[in-house]
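Observations on chain architecture
Each chain, letter by letter, is given below.
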Amino acid sequence: MENTILHKETETNGLFYIEKDGKIIAEMHYSFSEDDPTIIVVKHTDVKPDLKGQGIGTKLLDALAEYARKKNLKVTPLCPFVEVQFNRNKKYNDIEAQ
């Protein structure tokens, strides 16, 4: 099954997500920091139960990380999943907001 990660964004927030049959089955929400427009705050990650354990959350995070690197943004993880991934994986050190 191919899981294409889609992205949509407004001036204040955004979403990386995967759709199946017109429904969102996995999503990662973020917003831009009001204090610093170079920081995005990851607020929530949700993966439907039948997709758990397939690395879908990590794929969403990798897409967000790639986006942050391209746009020279830093990331603050309010989402527990992203916070754990930041602590486990040095590959995200370059984008983590201090």
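Anyway, here's the lowdown on the structure attached to this text.

Cut-offs used in this document
- Residues numbered from 1 in each chain as written.
- Predicted model: local features only at pLDDT ≥ 70, side-chain atom pairs only at ≥ 80, totals over all residues.
- Heavy atoms only, no water.
- Buried < 20%, exposed > 50% of the residue type's maximum accessible area, 1.4 Å probe, protein only.
- Helix = DSSP H or I, 4+ residues; strand = E, 2+ residues; numbered from the N terminus.
- Pairing = 2+ DSSP bridges.
- Expected span 1.5 Å × (residues − 1).
- Contact = heavy atoms within 4.5 Å.

1. A look at the pairing of strand 5 (residues 74–77)
Of the two faces of strand 5, the one lined by Val75 and Pro77 is fully buried and the one lined by Lys74 and Thr76 carries no buried residue. Alignment of strand 4 (residues 39–47) against strand 5, held across four bridges, turns out to be parallel. Counterpart to isoleucine 40 in the pairing with strand 5 is valine 75.

2. Notes on helix 1 (residues 56–70)
Between its first and last C-alpha atoms helix 1 spans 21 Å; for 15 residues at 1.5 Å apiece the expected length is 21 Å, and the two agree. Listed as buried for helix 1 are Ile56, Gly57, Leu60, Leu61, Ala63, Leu64, Ala65, Tyr67 and Ala68. Tucked inside the fold, the buried residues of helix 1 contact strand 1 (6–9), strand 2 (13–20), strand 3 (23–32), strand 4, strand 5 and helix 2 (80–88). Positive backbone phi, approximately 55°, marks asparagine 72, located one or two places after helix 1.

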